[in-house]
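# An overview of the molecular structure
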Amino acid sequence: MTAKDGKAVKINYKLQVDGNDVDAGELEYLHGYNNIVAGLEEALEGKKTNEQISVAVAPEKGYGLVNEEGIQTVPRDSFPDDGPLNIGDQFMAENQNGQQMPFTITKITDEEVTVDFNHALAGKTLNFEVEILAIRDADETELEHGHIHSGHGHHH
Ligand code: ZN
């Protein structure tokens, strides 16, 4: 069996960015449903169990380029007074459609706070080392939901 659309693929992966370890672990994902970054999914297409790959995923096929419009300056007093603000703190904002938008504080002055809505890995090349541990057919419900159900109980 090979990794292709509609297969549940279990991988062991290591992610390095700029020479630093960023993430590692095991993951089962549904191939062809944007469960993982596009560049990694493309690299795994057609691979078999026990195959190992190393792939450098460009930002365009990873977490995207840095969008300057995602970097905004807001008044300091738009944040609650009940705690110190620190660079690197992450918060959630809600847009007009009620969607949750995570952002990170990147700069603080007495008057203003600079916030960044870009993904922390936007603009970065992602260096993955991946081993395929197992491949199976996804079941009907998984295909319907567009994600895998094993391991972590059911969620929508
Ligand atoms: Zn589900």
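Residues numbered from 1 in each chain as written. Predicted model: local features only at pLDDT ≥ 70, side-chain atom pairs only at ≥ 80, totals over all residues. Heavy atoms only, no water.

In space, the four strands of this open sheet follow the order E2-E1-E8-E3, with antiparallel pairing throughout. At either end of the open sheet lies a strand with only one pairing partner, and these are strand E2 (20-30) and strand E3 (52-57). Ignoring which end each strand starts from, the neighbouring axes of this sheet average 25° apart. Here strand E1 (residues 7-17) runs beside strand E8 (residues 126-137); their pairing, made up of ten bridges, is antiparallel. (Pairing = 2+ DSSP bridges. Helix = DSSP H or I, 4+ residues; strand = E, 2+ residues; numbered from the N terminus. Axes fitted to C-alpha atoms, helices over the stretch in contact; angles between N-to-C directions.)

Turning next to the sheet that holds strand E5 (residues 90-94). If you trace the four strands from one edge of the open sheet to the other, you get E4-E7-E6-E5, paired in antiparallel fashion. Because the sheet does not close on itself, it has two edges, and the strands there are strand E4 (71-75) and E5. Taken pair by pair, the neighbouring strands of this sheet meet at an average axis angle of 45°, ignoring direction. Pairing between E4 and strand E7 (residues 112-116): five bridges, direction antiparallel. When the sheet's bridge partners are listed, Val74 is paired in E7 with Val113.

With that settled, consider the domain arrangement of the chain. When the parts come together, some accessible area is lost, and that loss is often what is quoted as the size of the interface. Looking at the chain, the domain boundaries give domain 1 (7-63 + 122-139) and domain 2 (68-116). If you average the C-alpha positions of domain 1 and of domain 2, the two centres end up 31 Å apart. (Domains from an automatic or database assignment.)

Let us look at the pairing of E7. Of all five residues making up E7, four are buried, and the element is well covered by its neighbours. Taken together, the four bridges between strand E6 (residues 100-108) and E7 define a ladder with antiparallel strand orientation. Note that in E7 the partner of Ile108 across the bridge is Val113. If you look at the hairpin formed by E6 and E7, you'll find three residues sitting between the two strands. (Buried < 20%, exposed > 50% of the residue type's maximum accessible area, 1.4 Å probe, protein only.)

Let us look at the packing of aromatic side chains. Centre distance and the angle of the planes are the two values used to describe a pair of aromatic rings. Counted by the stated rule, this structure contains four aromatic pairs. Ring geometry for Phe79 against Phe103: centres 6.3 Å apart, planes inclined by 65°, an arrangement best described as edge-to-face. In this pair, Phe79 is assigned in the loop between E4 and E5 and Phe103 in strand E6, connecting sequence segments 24 residues apart. Each member of the pair, Phe79 as well as Phe103, carries the same accessibility label: buried. Note on Phe103 and Phe117: the rings are 5.1 Å apart at their centroids and 50° apart in plane angle, and the pair reads as tilted. (Phe/Tyr/Trp six-rings, centres within 6.5 Å; stacked < 30°, edge-to-face > 60°.)

A separate point is the side chain of Thr104. Along the polypeptide, Thr104 turns up in strand E6. A distance of 3.2 Å separates a polar atom in the side chain of Thr104 from a polar atom in the side chain of Gln90. Apart from the residues within four sequence positions on either side, Thr104 is in contact with Gly88, Asp89, Gln90, Thr114, Val115 and Asp116. (Polar contact = N/O pair within 3.5 Å; in protein donor to acceptor, adjacent residues only side chain to side chain. Contact = heavy atoms within 4.5 Å.)

For the rest of this paragraph, the subject is the pairing of E3. Of the two faces of E3, the one holding Ile53, Val55 and Val57 is buried and the one holding Gln52, Ser54 and Ala56 is not buried anywhere. When E3 meets E8, the two strands line up antiparallel, connected through six bridges. Opposite Ala56, over in E8, you have Asn127 as the bridge partner.

You will see that Asp18, though not glycine, has its phi angle at about 50°, which is positive. When you line up the elements, Asp18 lands in the loop between E1 and E2. Here Asp18 falls in the exposed class, since its relative accessible area comes to 56%. Positive phi outside glycine occurs at Asn50, with the angle close to 75°. Here Asn50 shows up in the loop between helix H1 (38-44) and E3.

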